[in-house]
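# Descriptive analysis of the structure
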Amino acid sequence: MNNFDIAPSILSADFGYLMRDIDNLKGTTEYLHLDVMDGHYVDNLSIGIPVIKSIRKHSDLIFDTHLMITNPEKYISAFAKAGSDMITFHIECTEEAQALIDSIRAEGCKAGIAIHPDTPIEVLLPWVDKCDLILIMSVRPGFGGQGYMDGSNERINAIRQAIDAKGADTILSVDGGINMNTIKGAYDAGARLLVAGNAVFAKEDPAQAVKELKACVTA
Ligand code: DX5
Ligand code: ZN
């Protein structure tokens, strides 16, 4: 990836016009963030395998699938075959993180680990050089449009330092409440793949919104 990128989350898109909204992004980003919710790990339901499979036919973006589900091991293969390029599971949802990483990679995808804001960040330290992506949640998972939680930048920075100390090239991502006011702080703390739902798809022109968010980082 470039120095940094935005991963627009379709959770805030108009699902009645999903490909229109995704196509509107053309040329502004390489990534698309896909939030999968099961009503168990989080208090919400969203999209799953058929939707990812359908949009895969019409999009060349890198599919960054974020599984907010219990028993993620049951569904790795299905989400990979549906067209995911990266699959991220929550550390809270497994006691077999290494086995999950191995199975995601065996499917030819990059393996990510996400962490809930209530989980101590130290839990991730042993994993920073053992996966391809770390996703720091900066809101409680389950809903778009929430505010960026205090303390998120400190958590990002702790993981940034751990990644750099090991000389790893793990992608550091942040998810939740990223907008024109918060993106620069998250970037400065060390995040390089910035997920944004509401700040992109709730805007009239999602492509323009991505450009403006990027400009906040590079200004
Ligand atoms: C929340 C999801 C996010 C969500 C972010 O649980 O994981 O990806 O779409 O939405 P915003 O950017 O609106 O906070
Ligand atoms: Zn997400």
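This text goes with the structure placed above it.
First things first, this report covers the structure right here in the doc.

Each value, and the rule that gives it
- Residues numbered from 1 in each chain as written.
- Chains lettered and ligands numbered in written order.
- Predicted model: local features only at pLDDT ≥ 70, side-chain atom pairs only at ≥ 80, totals over all residues.
- Heavy atoms only, no water.
- Salt bridge = Lys/Arg side-chain N within 4 Å of Asp/Glu carboxyl O.
- Helix = DSSP H or I, 4+ residues; strand = E, 2+ residues; numbered from the N terminus.
- Buried < 20%, exposed > 50% of the residue type's maximum accessible area, 1.4 Å probe, protein only.
- Phe/Tyr/Trp six-rings, centres within 6.5 Å; stacked < 30°, edge-to-face > 60°.
- Lys NZ or Arg CZ within 6 Å of the ring centre and 35° of its normal.

## Some details on the pattern of salt bridges
- Scanning the model with the defined rule gives ten salt bridges in all.
- The salt bridge involving Asp-5 is made with Lys-214; its shortest N-O contact spans 3.0 Å. On the criterion of sequence distance, the pair formed by Asp-5 in strand β1 (residues 5-8) and Lys-214 in helix α8 (residues 206-218) is long-range, its members being 209 residues apart.
- Classification of Asp-5 as buried rests on a relative accessible area of 2%.
- Judged by its relative accessible area of 22%, Lys-214 falls in the partly exposed class.
- One salt bridge connects Asp-164 with Arg-160, and the closest N-O pair in it is separated by 3.1 Å. Highlighted residues: Asp-164 and Arg-160, both in helix α5 (residues 152-165), separated by four residues, approximately one helical turn.
- Looking at Asp-164, the relative accessible area reads 45%, which means it is partly exposed.

## Observations regarding the packing of aromatic side chains
- This model, assessed by the stated rule, comprises one aromatic pair.
- Plain terms: the ring middles of Phe-4 and Tyr-187 are 5.4 Å apart, the flat faces sit at 70 degrees to each other, and that makes the pair edge-to-face. With a gap of 183 residues between them, Phe-4 in the segment before β1 and Tyr-187 in helix α6 (residues 183-189) connect regions that are remote in the sequence. Of the two residues, Phe-4 and Tyr-187, neither departs from the other in class, the shared state being buried.
- Taking NZ or CZ as reference, Arg-56 lies 3.6 Å from the ring centre of Phe-63, over its face.

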